[in-house]
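One letter stands for each residue in the lines below.
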Number of protein chains: 2
Amino acid sequence: MKTLLYGGSVINVFTGEIEKANVLIEDDKIIGVGNYTPDDADVTEDVSEKILCPGFIDGHIHIESTMLTPSELAKISLPHGTTSIVADPHEIANVCGVDGIKYMIEASEGIPMNVYINIPSCVPATPFDESGAVLQAEDIKPLYKEKRVVGLAEMMNYPGVIFKDESVIKKITDAHNEGKIVDGHAPFLTGKDLDKYASYLIGSDHECSTIDEAIEKIRKGQRIMIRQGTAARNLKDLLPLFDPPYNHRCLLVTDDRHPADLMNEGHIDHIIRLAGQYGKSQITAIQMATIQAAEYFGIKGVGAIAPGYRADLLILNDLEAVDIKDVYSHGKKAVCDKVVKDFTKPSINDSLSQITLNSFHLKELTKEDLYIEPKADKCRVIEIIPGQLITKEKIHKINWENNNGIDTKEDILKLAVVERHKNTGHIGLGYINGIGLKKGAMASSVSHDSHNIILIGTNDEDMVIAANHIRKFGGNVVVCNGEIISEMRLPVAGLMADMSAEEIARQNENVRLSVHSLGVNDNIEPFMNMAFVSLSVIPSLKMTTQGLVNVDKMERVSLYCD
Amino acid sequence: MKTLLYGGSVINVFTGEIEKANVLIEDDKIIGVGNYTPDDADVTEDVSEKILCPGFIDGHIHIESTMLTPSELAKISLPHGTTSIVADPHEIANVCGVDGIKYMIEASEGIPMNVYINIPSCVPATPFDESGAVLQAEDIKPLYKEKRVVGLAEMMNYPGVIFKDESVIKKITDAHNEGKIVDGHAPFLTGKDLDKYASYLIGSDHECSTIDEAIEKIRKGQRIMIRQGTAARNLKDLLPLFDPPYNHRCLLVTDDRHPADLMNEGHIDHIIRLAGQYGKSQITAIQMATIQAAEYFGIKGVGAIAPGYRADLLILNDLEAVDIKDVYSHGKKAVCDKVVKDFTKPSINDSLSQITLNSFHLKELTKEDLYIEPKADKCRVIEIIPGQLITKEKIHKINWENNNGIDTKEDILKLAVVERHKNTGHIGLGYINGIGLKKGAMASSVSHDSHNIILIGTNDEDMVIAANHIRKFGGNVVVCNGEIISEMRLPVAGLMADMSAEEIARQNENVRLSVHSLGVNDNIEPFMNMAFVSLSVIPSLKMTTQGLVNVDKMERVSLYCD
């Protein structure tokens, strides 16, 4: 079947020119750009006054951060022009291992948004973590045979690279030997340490927050992925990258982005719009988001409107506004007048489905499990800093007389991280300050990067109810006086739901509002802050299933101070 | 072993900047660029006042055109800064098939100039040819497993692509499925035909002779290889490609280049120098000749001075003159003060050696073999046009009375193309005009693209001696009055010699002068013109082992006119 789009102007990403040209599509491919006529085609579409643009590629995204399955993500991202993403299924791999990655591959098979996969390089994220799986080089290697796998995802373990940890180096060399790329993740790495890291041909970085850092990394051969996510928003600081001589070495990515932001602000289209608003060339931004991404990842025949390229293209009402009317994916209309078309969801094989839907492996909790023995006068308390993921260590004199040390007046709440992958019974217990909860408890199965169950509460009864609810349904929950007052269920690995983005966003907002109603300070994003309390790579004091970790010293520390 | 090059300025091909920096090399790799000190290294070299530049990559060259083995080519190209070439062993494949390609791989193994291989796509070049081998898709596919093979070489059979010839398309899709590139060769192809050709993601073209052609091909997604060879010199016409927005989509290549030109003018350095003389940025030219070439071919970790990159680099006395003092290849000095260092020649396995050294499979010729029957008054004569490879058809009344139709006064000489691969006894016979030989005969085993034995002579006796000499030794020979008056032996497949470039150039010049001394017109390059008389893809009238071909009509024609 041949389709002719006639009368429009075409963005040529090889040259940055906009040319008047008709585009001839056969099946899933563009076969001609030029003076084709209706006689050349079976079907025609008038795109006069419109601008044709290749579909956008998000070069680095964690689908799990959207809490949506790939199909549901496609439904909200396609109208924003995202026809391809390079996903790093790091979160689900931490829960379900290789099966989690295979789930992501199956759950994205044949959907109109192309999902390329980078294999998570660091599962678990730290040696302090108890994750659902440990991915060694030999577990990863067979996955490179999957046709949508393009590389090894962000190598966060930069000390491992710098100190030539054998198992880390093997993952990198395996990827290169298979002809795949290796993405980087090395915030603030500079000078000789950066040289050591880049020496392994780690091809990109998406963690740059200053222009100097970005330019140094480009000079060392890395592509810079300009990131504009929900929390991390680096675009403004990296604007000079849109100019020569740097622009050809950059991509656009979101990394972690919430569904509400995707729906309200947009996806890659949002970054291109912003670049324009900051006075940069939108065509340059589009080149980053199309051909430059495809060529970096070695994805052939994608990212341009040219003969032989896959017919992933956008019909824009207006370039400046990146106002997308229609989206073609694989030569078929996926979005028509801004409305995404229905498509068949991929079927997941039963065994993978069961594994991802039954990812909680732990006994029911009881109050006794959360009891903290009063062994010392003072304890190390995790202090939350509003607007940040880093925490501080606060030494606090615990009032053991009352409520097992919880003291809402002083904002000393109980914190627990409950191992949920292998029924080890490990529970990290302690106290947290700065949340502001006055009654009830909150819990979640989203707790980076191992996604054990994390709980914060004002009393053990509500905490136990919350934990046992999460154990059954996954997601986020708020409990008060023994009642569940709001919840968002995330049954897929405790991370994602097969709900629409609208529904997820609504439920997400609901649980957020309900913890605020229980007293959580307005300057805190309660579930987001809680989700990072367990990530023992961000300074300073974090809680794992086996207790506190001082991240600055990279060592476990006791709850008790003498 | 760590070597520090200190005090120099480094050309950064990612950004086009020149930065003051020391370069630290460990074994064959660059591991640091920055403020390293002698304490970081075992050995140091002062490169103050010098400029460090990545080694140059020739993106498309036929080694056979230099008549040198890869080792001997390396000896003259390394001092000109060529540390990598992408070779298309099209000529030797036409003689020896897959074994010829394997010979090229073995003969270039471990030499200080890196030889990457593209597999010849069109052997034989035309259906009229009788070559030594026919390479089908299934013969080619296993070669992609060889580690220096990067793709499928110039797809000259563009009608085959346009009309979707199954065997042609299979070669292309096989290459893509193996993750390899496919190079193009489609002079003057434009518009809808170019779209059809480019639709198969044929990634490059090195045949552009006008800027309009080049820009159209860039817009269609192809890389343009700016060619400056011995005969084809396209640089001047393609100068706008050195400017944005085209420069990032270009490479530099030589295609076919004689050893004398390599020694006297240079190799890729010559093109960079010329670009500068024409007012273009030499840094841009260097980017084309380094990182852009490596990235196009998917050769990772080559083409830049950056951590993790192979230590192929040049120490320049002066950038404008591209004055190369030293060359590092794989971290070892390959050229020191402009003098190439000795290296061990690769050993070739016996069977490959025997096949390439015994490539003439035909009986001794006799005078009777060259006899032309006088069947008509007029014959179709090939007319040579000075300075061009195209020929004309000339209808000429033959004087059969005398010397079997040869008439030196009218410059009507006898021409023969003798099949030499499979002892078929096929000999194409006819007449040629425009050469000017007054006595004797000349012969060669270099006759494109099948490299049968080609002969031009004033009498059958000398022609037979010449042919039988070539049958034994390969190469070029000039015979007069029964005596060999000059020769250049090319024993390897009848195409190459294991002699130094100086010696080849000397002998080549010798045979050229000696045919001129026998009357050949000064405006003719006698052996070059003769070598293309058998190539039935260039208009208009050509001679094959089975007689004349009218290339304009793509059909065989009779010698005789009625």
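Quick caveat, the model's predicted, so the values are computed rather than measured.

(A) Here's a closer look at the overall build of chain A. Summing up its helical and strand segments, chain A has 16 helices and 31 strands in all. For 562 residues, the compact-globule estimate of 2.2 N^0.38 gives 24 Å, and chain A sits close to it at 24 Å. Here the C-alpha coordinates of chain A stretch approximately 85 × 50 × 45 Å along the principal axes. Going through the 562 residues of chain A one by one, you find that 65% of them count as buried. Summarising the internal contacts of chain A: among those between residues at least 6 apart in sequence, 68% fall at separations of at least 24. Each charge class in chain A was averaged separately, 57 positive and 80 negative side chains, and the resulting centres sit 2 Å apart.

(B) Examining the sheet that holds strand S17 (residues 323-329) of chain A more closely. All names here are of chain A. Spatially, S3-S2-S7-S16-S17-S18-S19 is the arrangement adopted by the seven strands of the open sheet, whose pairing is mixed. With partners counted over all chains shown, the strands left at the sheet margins are strand S3 (17-20) and strand S19 (339-340), one partner each. In terms of strand pairing, strand S18 (residues 332-336) meets S19 through two bridges, oriented antiparallel. Note on S19: the bridge partner recorded for Cys336 is Val339.

(C) Spatial organisation of the interface of chain A and chain B. Each side of the interface is counted separately: chain A has 38 residues, and chain B has 38 residues. Buried surface at the junction of chain A and chain B, both sides included, amounts to about 3100 Å², of which 49% is carbon and sulfur. Area buried by chain A at its contact with chain B is led by Phe14(A), Lys192(A) and Arg219(A), which between them contribute 18% of it. Applying the counting criterion to the chain A and chain B interface returns ten salt bridges. Two residues, Arg219(A) and Glu19(B), come together in a salt bridge whose shortest N-O distance is 3.9 Å.

(D) Here's a closer look at the relation of the copies chain A and chain B. Expressed as a screw transformation, the operator carrying chain A onto chain B has a rotation angle of 180° and an axial translation of 0.0 Å, and the superposed copies differ by an RMSD of 0.1 Å. What the rotation and shift describe, once combined, is the action of a two-fold rotation axis. When the interface residues of chain A are mapped onto chain B, 100% of them are again interface residues, pointing to one common binding face.

(E) How the structure looks around the pattern of salt bridges. The final tally for this structure, using the stated rule, is 74 salt bridges over all chains. Residue Asp255(B) is joined to Arg227(B) by a salt bridge in which the shortest nitrogen-to-oxygen separation is 2.7 Å. Taken as a pair, Asp255(B) in the loop between strand S15 (250-253) and helix H9 (259-264) and Arg227(B) in strand S14 (residues 223-227) lie far apart in primary sequence, 28 residues in all. In this structure, Asp255(B) and Arg227(B) share a single accessibility class: buried. Sharing partners across several salt bridges, the network here consists of Glu45(A), Lys325(A), Asp326(A), Lys333(A) and Asp337(A).

(F) Representation of the sheet that holds strand S16 (residues 313-318) of chain B within the structure. All names here are of chain B. Taken in spatial order, the seven strands line up as S3-S2-S7-S16-S17-S18-S19 in an open sheet, and their pairing is mixed. Each end of this open sheet is capped by a strand with a single partner; those strands are strand S3 (17-20) and strand S19 (339-340). Pairing geometry for S16 and strand S17 (residues 323-329), over five bridges, is antiparallel. Within S17, the position partnered with Leu316 by the bridge is Ile324.

(G) Quick look at the packing of aromatic side chains. All names here are of chain A. In this structure the tally under the stated criterion is eight aromatic pairs over all chains. Aromatic pair Tyr158 and Tyr197: ring centres 6.5 Å apart, planes at 90°, arrangement edge-to-face. Placement of Tyr158 in helix H5 (residues 158-162) and of Tyr197 in helix H7 (residues 191-198) is noted, with a sequence separation of 39 residues between them. Exposure remark for Tyr158: the relative accessible area of 24% places this residue in the partly exposed category. Tyr197 gets classed as buried once you look at its relative accessible area, which sits at 0%. When the ring centre of Phe360 is taken as origin, the NZ or CZ atom of Arg420, which lies over that ring, is 4.0 Å away. The ring of Phe473 has Arg489 sitting right over it, with the charged end atom 3.6 Å from the ring centre.

(H) Broad picture of the packing of helix H10 (residues 268-277) of chain B against helix H11 (residues 282-289) of chain B. Residues and elements named next belong to chain B. At a minimum axis separation of 8 Å, H10 and H11 run at an interaxial angle of 150°. The pairing of H10 with H11 is recorded here as roughly antiparallel in orientation. Considering only the axes of H10 and H11, their crossing is right-handed. Of the residues in H11, those in contact with Ile268, Ile272, Arg273, Ala275 and Gly276 of H10 are Gln282, Ala285, Ile286 and Ala289. Residues of the contact of H10 with H11, tallied by class, amount to six nonpolar, two polar and one charged.

(I) Looking closely at the packing of helix H3 (residues 98-107) of chain A against helix H13 (residues 350-357) of chain A. Residue and element names in this part refer to chain A. The contact between H3 and H13 brings their axes to 10 Å, and the two run at 120°. The angle between H3 and H13 places the two elements in the oblique class. The two elements H3 and H13 cross, and the hand of that crossing is left-handed. Across the interface between the two elements, Asp99, Lys102, Tyr103 and Glu106 from H3 touch Leu352, Ile355 and Thr356 from H13. Across the contact of H3 with H13, the residue classes tally to three nonpolar, one polar and three charged.

(J) Focus on helix H1 (residues 70-77) of chain B. All names here are of chain B. Burial of H1 is extensive: seven of the eight residues sit out of reach of the surface. Considered for burial, the residues of H1 that qualify are Pro70, Ser71, Glu72, Leu73, Ala74, Ile76 and Ser77. As for H1, its buried residues are in contact with strand S8 (56-61), strand S9 (82-87), helix H3 (98-107), H9 and helix H15 (501-517).

(K) Highlighting unusual backbone geometry. All names here are of chain B. The omega torsion across Pro244 and Pro245 is 0°, close enough to zero to call that bond cis. Residue placement: Pro245 occurs in the loop between S14 and S15. Following Pro539, the chain continues to Ser540 via a peptide bond in cis, the omega torsion being -5°. Tracing the backbone shows Ser540 in the loop between helix H16 (526-532) and strand S28 (541-544). Its identity is not glycine, yet Met554 carries a phi of approximately 50°, on the positive side. Residue position: Met554 is located in the loop between strand S29 (547-550) and strand S30 (555-556). By relative accessible area, which is 42% here, Met554 ends up partly exposed.

(L) Region of interest: helix H10 (residues 268-277) of chain A. Residue and element names in this part refer to chain A. Burial within H10 is extensive, with eight of its ten residues counted as buried. By the burial criterion, the buried members of H10 are Ile268, Asp269, His270, Ile271, Ile272, Arg273, Leu274 and Ala275. Contacts made by the buried residues of H10 are with strand S8 (56-61), strand S9 (82-87), strand S14 (223-227), strand S15 (250-253), helix H11 (282-289) and S17. Once H10 ends, the next one or two residues include Gly279, with phi positive near 90°.

(M) The arrangement of the side chain of Gln292(B) in detail. All names here are of chain B. If you trace the backbone, Gln292 turns up in helix H12 (residues 291-297). Of the residues examined, Gln292 reaches a relative accessible area of 10% and is grouped as buried. Reaching out from Gln292, the side chain makes a polar contact with the backbone oxygen of His248 at a distance of 3.4 Å. Not counting the four nearest positions on each side in its chain, Gln292 is found in contact with Asn247, His248, Arg249, Cys250, Leu251 and Gln287.

(N) The confidence of the model for chain A, seen in detail. Averaged over every residue, the pLDDT of chain A is 97; residues scoring 70 or more account for 100%. For this predicted complex, the interface confidence reaches an ipTM of 0.95, while the overall pTM sits at 0.96.

(O) The environment of Ala289(B), seen in detail. All names here are of chain B. Relative to the assigned elements, Ala289 resides in helix H11. Linking Ala289 and His80, residues 209 residues apart in sequence, is a C-alpha distance of 13 Å. Not counting residues up to four positions away in its chain, the partners in contact with Ala289 are Gly55, Phe56, Ile57, Leu252, Ile268 and Ile272.

(P) Molecular detail of the state of the cysteines. Residues and elements named next belong to chain A. Taken as a whole and assessed by the stated rule, the structure comprises zero disulfides over all chains. Cysteine Cys336 is unpaired, with the sulfur of Cys53 as its nearest cysteine sulfur at 18 Å. Judged by relative accessible area, which is 30%, Cys336 ranks as partly exposed.

Rules used throughout
- Residues numbered from 1 in each chain as written.
- Chains lettered and ligands numbered in written order.
- Predicted model: local features only at pLDDT ≥ 70, side-chain atom pairs only at ≥ 80, totals over all residues.
- Heavy atoms only, no water.
- Helix = DSSP H or I, 4+ residues; strand = E, 2+ residues; numbered from the N terminus.
- Rg over C-alpha atoms; globule rule 2.2 N^0.38 Å.
- Buried < 20%, exposed > 50% of the residue type's maximum accessible area, 1.4 Å probe, protein only.
- Contact = heavy atoms within 4.5 Å.
- Lys, Arg positive; Asp, Glu negative; His and termini not counted.
- Charge placed at Lys NZ, Arg CZ, Asp CG, Glu CD.
- Pairing = 2+ DSSP bridges.
- Buried area = accessible area lost by both parts, 1.4 Å probe.
- Salt bridge = Lys/Arg side-chain N within 4 Å of Asp/Glu carboxyl O.
- Least-squares fit on C-alpha atoms with pLDDT ≥ 70 in both.
- Phe/Tyr/Trp six-rings, centres within 6.5 Å; stacked < 30°, edge-to-face > 60°.
- Lys NZ or Arg CZ within 6 Å of the ring centre and 35° of its normal.
- Axes fitted to C-alpha atoms, helices over the stretch in contact; angles between N-to-C directions.
- Parallel < 35°, antiparallel > 145°, perpendicular 65-115°, else oblique.
- Left-handed = near helix turned anticlockwise from the far one by under 90°.
- Nonpolar A, V, L, I, M, F, W, Y, C, P; charged D, E, K, R; others polar.
- Polar contact = N/O pair within 3.5 Å; in protein donor to acceptor, adjacent residues only side chain to side chain.
- pLDDT = per-residue confidence, 0-100.
- Disulfide = S-S within 2.5 Å.

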